[in-house]
Amino acid sequence: MSVSPPAPRLVRMENVVELDGVSRSYGSRRRPINALRGVSLLVPAGVFVAVMGATGSGKSTLLHCAAGLDRPTSGRVRLVGRDVTRMREGALTRLRRDRVGFVFQSYNLLSELTVRQNVLLPRRLGGPRPRPLDEVLAEVGLAGLADRPVGELSGGQRQRVAIARALAGRPAVVFADEPTGALDPATGGQVLRLLRTGVDRAGVTVVMVTHDPTAAAWSDRLILLRDGELVADGPTPDAATIAQRLRAEASEPVVAQ
C-alpha cells in the first residue's frame, strides 16, 4: 500500500535559515566551477522545504552552505539567528551540535554501536540533554531495539535511528540529503512521515534535498535550482506536477556564463 502525503501546511514565523546572495565556486580563479550563483532565500520555523534540480544544479551545495558544512565564496548565511559565514570553526561545530540535526542517504551511523549509543552520541560529545530515549524510539518505530547493534538492522531501521538521533536533541532545523534514496518506496514513505511529524508536532524546520517527486510532495515548499541558480520557489504541488516541472527544467537550454 502506498503512503500518501498529507495536505501541505504553511507556517510563517521567524527565519531559521537565511541565505543572502550566496555563491559557491570551486576550482581555480581562471576556470571556476560555479556551484551556486547568488542564491537568496528565507526559511521560517516549522516548515518542510524540498530542494530539487537536475544533477549538478547545486542542491547539495546549497544544503551544505545553509547547514554550515561548507563556506560560501560570497554572500551571507544565517543559521538559527547566527551569522555563520565567518564564524570560527569551534563555535560553528557547537552550533550544529546543539541546534541542528542531520539525516543522510548513507545514514552516517556507527554500525558497531547500539541504537542507544548512536542516538545519544551527540550528548556524549557535549550536546544538549536529549529527550527520553524510550519516547524517541517509540516515535520512530524502534521500541525495544535500544540495545540492538546498528549493524544488525535493515536499511529502513537504520534511517529511523538517524532520524531519532536528529530529533532527540530538540533541534531547530533538520537537514536531510536524499534521506529516502537508498530505501524502497514503502519504507521511504515511512521515513518521510517521520520527518513530516517532526514539523507538524514539534515545529522543527526540515530542509530536504531530493530527486524524487513523490518524496518532495511531502513538503510545504518547493525550491528548484538550475545551474546554481534559484529558478522557482513556492508552495509544493502534487508529485505529478513536480515531475512535470523537473522535465520542463531539464529541457531548457543551458545558457553559457
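What counts and how
- Starting afresh in each chain, residues are numbered from 1 along the sequence in its written order.
- A pLDDT threshold of at least 70 governs which residues receive local features in this predicted model, and a stricter bar of 80 or more applies before side-chain atom pairs are shown or counted, although totals over entire chains, interfaces and linings include all residues.
- The basis for every side-chain value is the complete set of non-hydrogen atoms in the structure, without hydrogens or water.
- Only protein chains enter the area calculation, which uses a 1.4 Å probe; residues under 20% of their type maximum are buried, those over 50% are exposed, and those in between are partly exposed.
- The helix count covers DSSP runs of H or I at least four residues long, the strand count covers runs of E at least two residues long, and both are numbered beginning at the N terminus.
- Should DSSP find at least two bridges between two strands, the strands are taken to pair.
- Classification remark: right-handed applies to a crossover when, strands pointing away from the viewer, the course from the first strand over the helix to the second runs clockwise.
- A residue's pLDDT is the predictor's confidence in that residue, given on a scale from 0 to 100.
- Every residue pair with non-hydrogen atoms within 4.5 Å of one another is taken to be in contact.
- Interaxial angle, 0 to 180 degrees, is taken between N-to-C directions of lines fitted to C-alpha atoms, where a helix line uses only the stretch in contact.

For the chain, an unreviewed UniProt entry supplies the name ATP-binding cassette domain-containing protein and the organism Micromonospora echinofusca.

Among the 5 residues of strand β8 (residues 205–209), 5 are classified as buried, and the element is accordingly described as predominantly covered. Side chains Thr 205, Val 207 and Val 209 project from β8 onto one buried face, and the interleaved Val 206 and Met 208 project onto a second face that is buried too. Examined bridge by bridge, strand β3 (residues 48–53) and β8 share 4 bridges and lie parallel to one another. The residue of β8 that forms the bridge with Val 49 is Val 207. Where strand β7 (residues 173–177) meets β8, 5 bridges bridge the pair, whose relative direction is parallel. Of the residues in β8, the one forming a bridge with Phe 175 is Val 207. Between the parallel elements β7 and β8, the chain passes through helix α7 (residues 185–202) in a crossover that is right-handed.

What follows concerns the confidence of the model for the chain. On average, residues of the chain carry a pLDDT of 90, and 93% of them reach 70 or more. A low-confidence stretch, residues 8–13 stays under pLDDT 50, and its non-local contacts, those more than four residues away or across chains, total 15 contacts.

Glancing now at the sheet that holds strand β6 (residues 100–104). An order of β6-β7-β8-β3-β9-β10 is seen for the 6 strands of this open sheet, with the pairing classed as mixed. Looking at the sheet topology across the chains shown, the edges are occupied by β6 and β10 (229–235). Going from strand to strand, the sheet's axes swing by 15° on average, the running direction of each strand aside. As paired strands, strand β9 (residues 221–226) and β10 are joined by 6 bridges and run antiparallel to one another. Counterpart to Ile 223 in the pairing with β10 is Asp 233. Helix α2 (residues 89–99) rests against β6 and β7 of the sheet, and its axis sits at about 80° to β6. Helix α6 (residues 155–168) rests against β6 and β7 of the sheet, and its axis sits at about 170° to β6.

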